Structures are given as C-alpha cells and as structure tokens.
Amino acid sequence: MRLFGKEFNFVLSNLDKIKIYVSAWTDGKNFGDDYLASAMFDYLKKNFAKRKFEVKPATLNIADIKLTENDIVIVAGGGLWGPSNTQCLEEHLYQIWNNCNAKLILANIGIESFNDKYGYQLKNIAQKAELISFRDRKSFEIATNIIKDEKIILGADTSYLNPIHIKTFPKNNVLGVNLCGPEVENNINNYNMEFIIDEINLLQESGYFVSATPFSYNDAYNDFVYCKKVDKSCKKRFSITPYKNCEIFLGMRFHSIIIALQNRIPTIAITYSDKVRRLMQEYDLNDFCIMPNELTKTLLLNKIQKIKRERTNILDRIKFGNSLQNNRINEFTKHLEELILNSN
C-alpha cells in the first residue's frame with residue numbers, strides 16, 4: 001500500500017508569510033498522477049508567484065515543515081475514496097492534522113465507491129477542511145447526500161487547471177490507443193486483456209493503424225506490457241505523439257481519455273472503471289463506451305464508423321463538454337484564490 005506514493009510536494013512560501021503545501025499521489029511512474037501534481041503547481045506558480053509568494057519546489061515531508069493556522073495544505077486530486085485508497089487518505093490527513101494547524105483543501109477528488117465507513121470519514125474531513133471540490137457530478141452528488149455545506153462544490157479534474165493542448169493532424173484510420181491490465185485497482189470486473197489485444201490486432205488487419213502510449217509504467221501497473229502488443233514501436237514511457245495524428249482515440253486510463261478530449265479528439269472508452277464511464281457521460285459520449293469483456297473487432301468497427309458518420313456532432317459534444325469542465329474548474333479556482341488571499 002502506498003501512502004500517496006513518493007510524494008510530489010511543493011512549498012510556496014515568502015519567508016515567514018503564507019506557505020502552501022501541495023501533496024499529490026504520485027511516484028513519478030504514472031503520467032496521470034504526475035499531470036495532476038504539475039497542473040496544480042503550475043497554476044499556483046502562475047497566479048501567486050508574482051504576488052506575495054515566492055515559489056520554491058521542495059521534496060519535504062509534511063512533518064518536516066512548520067505550518068501555522070494561516071498556511072494551507074492542498075491535496076491535489078485523484079480518486080481518493082475507493083477500496084484501496086481510503087486508508088491511505090485517512091493516514092495522510094491525520095498526519096497533516098497531527099503535525100500542523102494549517103487549512104486543508106481537497107481539490108477535485110473522486111469517489112470510486114462508498115459505504116457507511118467512508119461516509120463517516122467524509123463527515124470528519126468536512127468538519128476540518130476549508131474546501132472540498134469533486135471532479136465529477138456523481139461524486140459530488142454522493143457527498144452532498146451526506147453533507148449539506150457550502151464548502152463542498154462541484155469542480156473538475158485538476159488537470160483542467162493546465163490542459164495539454166497540442167496541434168493535431170488527424171490521419172484517416174489511425175487510432176491512438178492506451179491499454180491497462182486487469183490488475184489495475186478499482187476495476188469493475190476481471191477481463192481478458194489478451195482477448196482485447198487480439199481484437200485490436202484484428203482491426204489492424206482490416207486496414208487500421210494503431211499508435212499506442214502507456215500512462216503507468218511502474219512494476220505493478222505497467223501499461224507498456226499491453227501497449228507494445230498492439231504497437232511494436234510503442235515507447236516505454238508516456239508519449240504525446242499518438243495523439244497528434246490519430247483520427248480516433250481508444251483509451252482505458254482516465255487521463256489518457258482526458259487528454260484526447262481536451263484536444264477534441266473523438267474518443268472510444270474501454271470502461272474498466274466507473275470513473276471512466278462518468279467522464280464520458282460528462283461529455284455526453286455514453287454511446288462510445290465499451291465494457292472490457294464486450295470489446296470485439298465488430299463492435300469497435302461499429303463505433304468507429306459511427307464517429308466517422310457523426311464527426312461534426314461528436315466534436316460539438318466534446319467542445320461543449322470542455323466548456324463545462326472549464327467553467328467548473330474556474331469555479332474551483334475562484335474559491336481557492338479567495339481562501340489563499342484571505343489567509344494572510
């Protein structure tokens with residue numbers, strides 16, 4: 001069990017004035033986790049470095065940082081309530097409370113699953129936190145059914161603070177692909193990864209070209225193991241290249257799909273986890289979700305042909321979905337900035 005992995009922490013400080021401690025769940029081997037951490041840090045650096053804050057990256061544990069009641073701790077996002085994460089979250093937050101009196105902000109988190117124990121945790125955290133924002137509507141609804149409080153708001157995934165925008169040059173029948181195996185935590189069923197790979201390779205025999213990229217590449221969750229079986233030229237680490245020329249993106253991991261949508265690339269999601277389905281629902285793209293055990297070459301072809309026929313409409317849906325996400329992340333930053341600027 002990792003306690004927010006090897007933390008990617010930053011302290012923004014101006015001598016003895018306000019400090020902002022950013023903690024994100026990352027160990028440097030999952031691009032999605034790194035994306036959350038860097039998006040939050042870049043946002044803070046851009047918006048506060050020229051005010052009364054000096055920006056200093058640091059790799060200190062929270063126990064080693066002297067924080068006062070005027071300082072702020074930000075947990076930068078991720079799916080924090082779920083079968084394997086809640087104990088990590090609880091331990092981490094108690095470490096914060098036991099070592100300082102700083103203000104606590106939970107930024108754009110997700111609820112993967114919920115029960116009475118998790119509800120108790122949420123109530124306890126809400127009593128102590130200054131702000132809790134949720135990255136998707138379902139998570140927000142679960143929270144607000146338990147607690148009615150103005151400090152609980154609907155945000156968006158933290159990555160929308162600093163979207164990865166690229167120039168795309170889509171080529172006919174080119175698919176960008178990300179695959180992850182059934183050992184991924186919180187998957188909603190066990191699925192046969194080799195069958196999925198075989199079906200994608202059958203699609204390539206029909207004249208489609210696959211360009212794949214891994215998102216996670218640590219020992220336990222290595223996407224490269226699967227991606228290389230559909231794309232022999234696949235790199236071992238995340239690469240933006242598959243997004244540049246793909247006509248359609250076929251993704252599994254949450255942030256692999258977010259990057260495609262941020263760049264208005266029509267996307268088919270293999271919904272290994274409920275968070276992926278929720279993301280597609282936020283873009284009104286439910287009809288382009290495929291359960292892992294239902295994926296076949298024929299079903300993929302049907303989805304691809306539907307995208308080709310309805311491309312303009314799908315691009316409009318993605319554009320509208322991005323607008324909604326941007327509005328919600330702006331609402332989050334409005335609350336965050338107010339808390340920071342009133343902390344001194």
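Details of the structure are given in the entry above.
Along every chain, residues carry numbers that run from 1 in the direction the sequence is written. Per-residue local features of the predicted model are confined to residues with pLDDT of at least 70, and side-chain atom pairs are confined, for both listing and counting, to 80 or more; whole-chain, interface and lining totals are unaffected and use all residues. For the side-chain quantities, the full set of heavy atoms in the structure was used; hydrogens and water were omitted.

Enquirer: Provide a residue-level description of the packing of helix α1 (residues 31-48) against helix α8 (residues 254-262), including the pertinent values.
Expert: Running from amino to carboxyl end, α1 crosses α8 at an angle of 60 degrees, the nearest separation of the two axes being 9 Å. Relative to α8, α1 is oriented oblique. Contact with α1, carried on its side by Phe31, Gly32, Tyr35 and Leu36, involves His255, Ile259 and Gln262 of α8 and no other residues of that element. Axis geometry follows a simple rule: fit a line to the C-alpha atoms, using only the stretch in contact for helices, then measure angles between N-to-C directions, giving values from 0 to 180 degrees. Only DSSP runs of H or I covering at least 4 residues are called helices, and only runs of E covering at least 2 are called strands; the numbering of each starts at the N terminus. Each angle receives one of four descriptions, namely roughly parallel if under 35 degrees, roughly antiparallel if over 145, roughly perpendicular if within 65 to 115, and oblique otherwise. Residue contacts are defined here by distance: any two heavy atoms, one from each residue, within 4.5 Å place the two residues in contact.

Enquirer: Can you break down the sheet that holds strand β12 (residues 267-270) residue by residue, with the values?
Expert: The sheet built from five strands is open, its strands ordered β10-β9-β11-β12-β13 with parallel pairing. Because the sheet does not close on itself, it has two edges, and the strands there are β10 (209-212) and β13 (289-290). Two strands form a pair only when DSSP identifies at least two bridges running between them. By the bridge criterion, four bridges tie strand β9 (residues 174-177) to β10 in an arrangement that is parallel. Residue pairing across strands places glycine 176 opposite serine 211, the latter belonging to β10. The strands touched by helix α5 (residues 193-205) are β9, β10, β11 (248-251) and β12; relative to β10, the strand with the most contacts, the crossing angle is about 135 degrees.

Enquirer: I'd like a rundown of the environment of asparagine 201, residues and numbers included.
Expert: Its place among the elements puts asparagine 201 in helix α5. The buried label goes to any residue with under 20% of its type's maximum accessible area, the exposed label to any with over 50%, and the partly exposed label to all in between, with areas taken from a 1.4 Å probe on protein chains only. A relative accessible area of 24% places asparagine 201 in the partly exposed class. Spatially, the C-alpha atoms of asparagine 201 and lysine 297 are 8.6 Å apart, while their sequence positions differ by 96 residues. Setting aside chain neighbours within four positions, we find asparagine 201 in contact with Lys229 and Val230.

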